[in-house]
Amino acid sequence: MAILVPLGLLVARALRSADMEQQLQYRTVAERVFDEMERTLSEMLTREEERPFEAYGAGIPTALPFVVGHFQVEPDGSVG
């Protein structure tokens, strides 16, 4: 009995430690994915801001596969 209690505490601590390590790995991957998405979106915005205004009305597509379209509000208030 004197050995079972410390052994049980040791196993419980090892399981908690493994769970914490797994959570840390998930968090690290999630932060990496978020950073990559943020970088990609920043690059996209930079490229779109550099496009001339006329390129939008002419229907010139973007080089980004996840942008399926765009719209603009014309000076008369219509959406084009």
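Since the structure is predicted, the reported quantities are computational estimates derived from the model, not experimental observations.

In this section: the overall build of the chain. In terms of regular secondary structure, the chain is built from two helices and zero strands. Counting only residues that meet the buried cut, the chain has 9% of its 80 residues in that class. Accessible area of the chain: about 7,200 Å², with a carbon and sulfur share of 66%.

Glancing now at the pattern of salt bridges. Inspection of the entire model under this criterion finds three salt bridges. Arginine 27 is the salt-bridge partner of glutamate 31, the closest N and O atoms lying 3.4 Å from each other. Placement of both glutamate 31 and arginine 27 in helix α1 (residues 4–50) is noted, with a separation of four residues, approximately one turn of the helix. Judged by relative accessible area, which is 44%, glutamate 31 ranks as partly exposed. On the basis of relative accessible area, arginine 27 is assigned to the exposed category, the value being 56%. Of the charged contacts, one joins glutamate 36 and arginine 39 as a salt bridge, the two residues approaching to 2.4 Å between their closest N and O atoms. Of this pair, glutamate 36 and arginine 39 both sit in helix α1, three residues apart, roughly one helical turn.

As for its position among the elements, glutamate 43 is in helix α1. Among the polar contacts listed, one links the side chain of glutamate 43 to the side chain of arginine 39, at a separation of 2.6 Å.

A surface patch of nonpolar side chains, amounting to about 820 Å² of accessible area, comprises Met1, Ile3, Leu4, Leu7, Leu10, Val11 and Leu15. Within the secondary structure, isoleucine 3 is located in the segment before α1.

Rules and cut-offs
- Residue numbers here run from 1 along each chain, matching the order of that chain's written sequence.
- Where local features are concerned, this predicted model is filtered to residues with pLDDT of at least 70; where side-chain atom pairs are given and counted, the filter is 80 or more; whole-chain, interface and lining totals use all residues.
- As a convention, hydrogens and water are excluded, and side-chain values are obtained from all of the structure's heavy atoms.
- Secondary structure elements are taken from DSSP: a helix is a run of H or I of four residues or more, a strand is a run of E of two residues or more, and numbering for both begins at the N terminus.
- For every residue, the accessible area (1.4 Å probe, protein chains only) is compared with the maximum for its type, and the residue is labelled buried under 20%, exposed over 50%, or partly exposed between those bounds.
- Residue exposure ignores everything except the shown protein chains as possible cover, and the areas themselves are Shrake-Rupley values with a 1.4 Å probe.
- A pairing counts as a salt bridge when a side-chain nitrogen of Lys or Arg comes within 4 Å of a carboxyl oxygen of Asp or Glu.
- Here a polar contact is recorded for every N or O atom pair within 3.5 Å, except that within protein the pair must consist of a potential hydrogen donor and a potential acceptor, and residues adjacent in sequence are included only if both atoms are side-chain atoms.
- Nonpolar side chains (Val, Leu, Ile, Met, Phe, Trp, Tyr) are joined into patches within 5 Å and like charges within 9 Å, using only residues with over 30% relative accessible area and no salt bridge.

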